[in-house]
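A structural walkthrough
This is what each chain is made of:
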Amino acid sequence: MNDVARRAVAAGFLHALQTTPALFDEWMKTPKDDSAAIGALVAWTIGLAQVPDTDDLHAMAHHVAEQLSGMVSEIQAAHAGAPKTVGFFFVMQH
């Protein structure tokens, strides 16, 4: 996945989390240290032909932390149980 695609997928996935309560619930149940499970959820949500790999997820988490913190703050405000670490949205452990 190229960098533009990674940024677009990260933003799209966060938007889907903001606007789809059932997706947020599914994401909360998904182990954040399981990159295969997170990648599969992202791929299914966005309709990707290829599941993002660990490198893709790490790049997406970096983009989220650097550029999309406002979206993350909105999600956290709307959901009391949302993780408070921005990078947590994709992979908890590197």
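Residues numbered from 1 in each chain as written. Predicted model: local features only at pLDDT ≥ 70, side-chain atom pairs only at ≥ 80, totals over all residues. Heavy atoms only, no water.

**Things to note about the overall build of the protein chain**
The cut-off we apply is this: Put simply, DSSP H or I for four residues or longer makes a helix, DSSP E for two residues or longer makes a strand, and each gets a number counted from the N terminus. Exposure categories follow from relative accessible area, calculated using a 1.4 Å probe and restricted to protein chains: below 20% of the type maximum is buried, above 50% is exposed, and the middle band is partly exposed. By definition in these notes, contact holds between two residues if any of their heavy atoms fall within 4.5 Å. Shrake-Rupley sampling with a 1.4 Å probe provides the accessible areas, and residues are treated as covered by the protein chains on show and by no other component.
Across its full length, the protein chain holds five helices and zero strands. For the protein chain, the N- to C-terminal ordering of α and β elements is α-α-α-α-α. Buried residues in the protein chain amount to 36% of all 94 residues. Sequence separation of at least 24 residues holds for 61% of the intrachain contacts in the protein chain that already meet a minimum separation of 6. Taken as a whole, the protein chain presents about 5000 Å² of accessible surface, with 54% of it coming from carbon and sulfur.

**Section: the packing of aromatic side chains**
Remark: the centre distance and the inter-plane angle together describe each pair of aromatic rings, the angle taken between the planes. Formally: A pair of aromatic rings is counted whenever rings of Phe, Tyr or Trp (Trp by its six-membered ring) have centres within 6.5 Å, and the orientation is called stacked for planes under 30 degrees apart, edge-to-face for over 60 and tilted otherwise.
Tallying each qualifying case throughout the model produces one aromatic pair. A ring pair is formed by phenylalanine 24 and tryptophan 27, whose centres lie 5.8 Å apart and whose planes are at 45°; its orientation type is tilted. Taken as a pair, phenylalanine 24 and tryptophan 27 lie in helix α2 (residues 21–29) at a separation of three residues, close to a single helical turn. Both residues of the pair, phenylalanine 24 and tryptophan 27, count as buried.

**Section: the side chain of lysine 32**
This is how the line gets drawn: His is not counted here, nor are the chain ends, while Lys and Arg score as positive and Asp and Glu score as negative. Here, a salt bridge means any Lys or Arg side-chain nitrogen found within 4 Å of an Asp or Glu carboxyl oxygen. Polar contacts here mean pairs of N or O atoms no more than 3.5 Å apart (in protein, one a potential hydrogen donor and the other a potential acceptor; neighbouring residues in sequence count only if both atoms are side-chain atoms).
Here lysine 32 lies in the loop between α2 and α3 (35–46). Despite its burial, lysine 32 pairs with no opposite charge, the nearest such side chain being aspartate 33 at 8.5 Å. One polar contact links the side chain of lysine 32 to the main-chain carbonyl oxygen of threonine 30, over a distance of 2.6 Å.

**Considerations on the side chain of histidine 63**
On the secondary structure map, histidine 63 appears in helix α4 (residues 54–67). Relative accessible area serves as the criterion here: at 14%, histidine 63 is assigned to the buried category. Not counting residues up to four positions away in its chain, the partners in contact with histidine 63 are Arg7, Ala10 and Leu68.

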